[in-house]
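Spelled out, the chains give:
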Amino acid sequence: MTPACAYAIFHLNLAYSSVDEAQHARIVEACYRPILRLAAGRGIPVGVEATGYTLECIAAIAPGWIAELRALIRACLCEFVGSGLAQIIGPLVPARVVEANLRLGNRVYERLLGARPAVAMLNEQAFSAGIVPLYREAGYQAVVAEWENPMAANPDWPPQGWRLPCAAANRGEPMPVLWNSCIINQKLQRLAHGDLTQKEYLDYIRPLAASGGGTLPLYAGDAEIFNFRPGRYASEAPLPVRDEWLTIFDAFTRLRDEGACEFALPTRVLARQSSRMTLRLETACQPIPVKKQYKYNPTRWAVTGRDDVGLNTACWRLFHALDGDDRADQAAWRELCLFWASDYRTHITDARWEDVRRRMQAGLAALKPAKGQPGHDASLSAVSAHAVRDGRLLEPGHDMSLSAVSAHATRDGRFLDLRAESVSVRLNMRKGLAVDAAWFPEASPHALFGSLPHGHFEDLSLAADFFSGHLVLERAGLQKETDLGIVAPEVAVTAEAVAVSCAMAGFPVPLRKTVRLSRLRPEISIRYDFDWASLQHACLRLGHVTLLPSAFDAGTLAYATHNGGREAEFFPLGGREFNHGQPVSSLVSARQCLGMTRGIFWIGDASLMLEIEVDQTVAAGVPMVLHRKARPDFLFRCWFSLRETDETSQAARPGSFQGMGGFSMTIRARKTGDCGIGPGCGPLVGSGGPSA
């Protein structure tokens with residue numbers, strides 16, 4: 001029997017969310033030193049991965065450990081695997097931040113280890129096609145990505161494909177992938193924690209090693225859960241009397257000695273592979289695959305936690321200041337990368353949260369007010385107001401002739417019609433100025449988005465109104481709250497815009513909504529002014545855009561955005577149904593989102609797209625998409641989330657970011673080819689199936 005080519009990579013992270021700095025020395029001794037000691041003593045080669053930040057922390061408190069690692073690397077008993085300066089979720093941050101994180105990480109690796117790593121572990125296993133070229137440019141030859149989540153979204157993939165040589169597709173040369181299996185990982189964790197005996201573990205692993213050869217990913221996960229407990233959950237297993245690292249390496253030794261596995265370093269595994277099957281890891285239903293069970297999804301680091309949205313909005317403000325400043329030094333970029341680390345967004349301790357909040361507030365205070373930041377006189381809410389009268393054309397607030405009726409507002413029953421030179425919209429005043437229909441005549445003669453009324457679909461599960469341009473708030477144990485009440489709007493007409501604004505009664509916090517039609521460009525803007533920072537431990541979704549089916553081709557529906565890369569990623573639906581906002585459980589309110597890391601999201605078909613631009617310095621929301629096929633046509637819509645819930649969410653309390661509030665989006669209609677995102681333009685096209 002040919003032994004399986006097995007590998008193990010241990011992830012070291014002293015920025016672990018629930019760990020304070022005072023515990024670092026204990027972690028190094030309990031969790032990190034045994035890896036090197038047992039790899040050398042047993043002659044079992046292993047991979048060790050850490051961020052540059054973690055390596056610097058280790059070097060400061062245990063420089064001998066760094067020297068020992070370097071010696072084992074020279075002896076080919078260890079291989080260092082990279083990840084960047086900080087544990088950043090690449091698909092959720094701008095491309096320039098991904099580049100800076102990889103560049104600054106490489107500098108630390110060269111300084112402390114004398115070389116750059118060839119293999120990278122994707123932080124939290126979060127993958128997007130857009131970040132692949134950035135890793136290649138940073139010198140990486142392969143990435144470690146999880147198998148189970150992409151496989152779940154690609155039912156045509158082969159079973160146990162982690163044993164096969166594969167590469168992730170992108171516009172350039174495919175990137176080789178070393179697979180990580182969360183299920184096999186968790187078997188090793190259960191063995192170490194005493195939930196499995198060695199016999200049970202070996203009985204599980206042996207058939208995997210014997211079934212056809214190939215590679216076998218025995219582990220690629222946290223090191224801090226062995227001989228230590230981070231304290232995230234009350235259900236964590238107690239520390240056993242026996243050394244958990246001995247338990248792990250005893251099992252590895254058995255597998256090697258009985259000929260089931262031959263252990264190899266990650267680059268040696270890659271060197272043994274020849275032709276690779278090219279796969280598209282991301283799909284429309286799962287655009288950003290991450291690690292483990294579905295409760296781990298991109299919303300975990302985007303819109304949950306203690307105040308992910310506040311922290312991310314602050315990061316976006318700092319990023320725009322640095323991105324436009326050619327004099328910004330590397331120390332400023334380093335600080336921004338550390339601010340964007342995933343660990344601040346989950347089970348962060350009070351001391352570390354206060355530290356990052358204090359540093360961030362100091363950084364924000366040094367910035368000049370910019371677009372969307374406090375102090376900016378936003379035209380959406382600063383327009384002069386005029387009362388609406390039934391059936392009358394509203395007069396402008398200054399001497400401007402409307403004889404051509406090129407810009408006006410009229411009332412027709414419950415509807416308010418606004419029209420500018422190249423865009424018009426019908427708003428429902430009994431539903432909080434929800435968009436009933438919106439037209440962009442230069443792009444299409446049809447209304448492109450708006451509301452689908454109750455009864456439009458035959459399916460009873462869709463027997464509701466599907467509005468556009470509204471807000472929905474859900475809090476545990478309370479009824480759903482919306483802005484869909486009766487309003488008395490105020491209208492203003494200026495040389496630049498036609499705008500309508502109203503206050504929303506009955507919402508938990510003061511809320512004002514403004515809809516603005518530009519008279520200079522074919523675009524509609526919607527702005528909310530309210531204190532979303534106080535609405536924590538809630539599900540808050542707004543800016544819904546519901547496509548009107550008569551204007552789009554059901555067979556070529558698609559959406560697109562940037563997920564950490566320089567170029568947009570194009571996601572054809574291929575007829576698949578999905579709902580990114582579908583709850584995973586009563587605790588986890590959503591299962592996917594998009595990064596939208598250049599502030600633009602497109603939704604439409606192969607010919608026509610709605611382009612939605614969101615100001616992330618006002619609120620760093622993330623888009624979600626729903627697609628259902630139902631007679632007589634389909635339901636295809638997107639919205640933006642400012643809050644979701646999971647086990648990291650915390651109820652409102654002192655310590656959130658100050659000066660945060662509002663949400664701003666602008667909608668345009670464009671031919672898909674003009675967006676540079678259609679088939680053949682984005683990094684990837686297709687259903688996600690394998691190709692030779």
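Note that the structure is a prediction, hence the values are computed from the model and not measured.

A. View of the pattern of salt bridges. Evaluated as defined, the whole model comprises 43 salt bridges. Here Arg 631 makes a salt bridge to Glu 458, at a shortest N to O gap of 3.0 Å. One end of the pair, Arg 631, is in the loop between strand S29 (622-630) and strand S30 (633-643); the other, Glu 458, is in the loop between strand S16 (447-450) and strand S17 (471-475), and 173 residues separate them in sequence. Given the relative accessible area of 54%, Glu 458 is considered exposed. The residue Arg 541 makes a salt bridge to Glu 644 at a minimum N-O spacing of 2.9 Å. Residue Arg 541 is located in strand S23 (residues 538-546), and its partner Glu 644 is located in the loop between S30 and strand S31 (663-671); the two are separated by 103 residues in the primary sequence.

B. Expanded view of the sheet that holds S16. Taking strand neighbours across the sheet as the criterion, the five strands line up as S12-S13-S14-S15-S16 in an open arrangement whose pairing is antiparallel. For this open sheet the edge positions go to strand S12 (408-412) and S16, each flanked by a neighbour on one side alone. Averaged over all pairs of adjacent strands, the angle between strand axes in this sheet comes to 15 degrees, irrespective of strand direction.

C. Molecular detail of the nonpolar core. In this structure, Trp 65, Trp 179, Leu 216, Phe 252, Phe 440 and Phe 530 are the most contacted members of the largest nonpolar core, which totals 222 residues. Those residues in contact with Leu 216 that lie beyond four places of it in its chain are Ala 4, Cys 5, Ala 6, Tyr 7, Trp 162, Ile 184, Ile 205, Leu 208, Ala 209 and Cys 261. Grouped together as the second largest cluster of nonpolar side chains are nine residues, Ala 558, Ala 560, Ala 568 and Phe 570 included.

D. Local environment of the sheet that holds S23. Spatially, the six strands line up as an open sheet ordered S18-S17-S23-S30-S29-S26, and their pairing is antiparallel. Two strands bound the open sheet, and with one partner strand each, they are strand S18 (481-482) and strand S26 (578-579). Strand direction decides the pairing type here: S17 and S23, joined by five bridges, are antiparallel. Following the sheet pairing, Val 472 is matched in S23 by Arg 541.

E. Structural context of the environment of Arg 206. When you line up the elements, Arg 206 lands in helix H8 (residues 198-210). Sequence-wise, Arg 206 and Ala 260 are 54 residues apart; in three dimensions their C-alpha atoms are separated by 6.5 Å. Setting aside residues no more than four positions away along its own chain, Arg 206 makes contact with Arg 254, Leu 255 and Glu 258. There is a polar contact of 3.2 Å between the side chain of Arg 206 and the side chain of Asp 203.

F. Spatial organisation of the packing of aromatic side chains. Under the definition given, this model contains 22 aromatic pairs. Between Phe 252 and Phe 263, the ring centres sit 5.2 Å apart and the planes meet at 45 degrees, which makes this aromatic pair tilted. Separated by eleven residues along the polypeptide, Phe 252 in helix H9 (residues 244-257) and Phe 263 in strand S9 (residues 261-263) bring together distant segments of the chain. Residue class for Phe 263 comes out buried when judged on its relative accessible area of 9%. Considering the side-chain rings of Tyr 528 and Phe 530, the 6.2 Å spacing of their centres and the 75 degrees angle between planes classify their relative orientation as edge-to-face. You'll find Tyr 528 and Phe 530 in the same group, each marked buried. Members of the aromatic cluster, joined through ring pairs, are Phe 10, Tyr 219, Phe 226 and Trp 245.

G. Representation of helix H12 (residues 308-323) in the model. Across its 16 residues, H12 extends 22 Å between first and last C-alpha, which sits within 8% of the 22 Å expected from 1.5 Å per residue. Counting buried residues in H12 gives 13 out of 16 residues, a clear majority hidden from the surface.

Rules and cut-offs
Residues numbered from 1 in each chain as written. Predicted model: local features only at pLDDT ≥ 70, side-chain atom pairs only at ≥ 80, totals over all residues. Heavy atoms only, no water. Salt bridge = Lys/Arg side-chain N within 4 Å of Asp/Glu carboxyl O. Helix = DSSP H or I, 4+ residues; strand = E, 2+ residues; numbered from the N terminus. Buried < 20%, exposed > 50% of the residue type's maximum accessible area, 1.4 Å probe, protein only. Pairing = 2+ DSSP bridges. Axes fitted to C-alpha atoms, helices over the stretch in contact; angles between N-to-C directions. Core = buried A, V, L, I, M, F, W, Y, C linked by side-chain atoms within 4.5 Å. Contact = heavy atoms within 4.5 Å. Polar contact = N/O pair within 3.5 Å; in protein donor to acceptor, adjacent residues only side chain to side chain. Phe/Tyr/Trp six-rings, centres within 6.5 Å; stacked < 30°, edge-to-face > 60°. Expected span 1.5 Å × (residues − 1).

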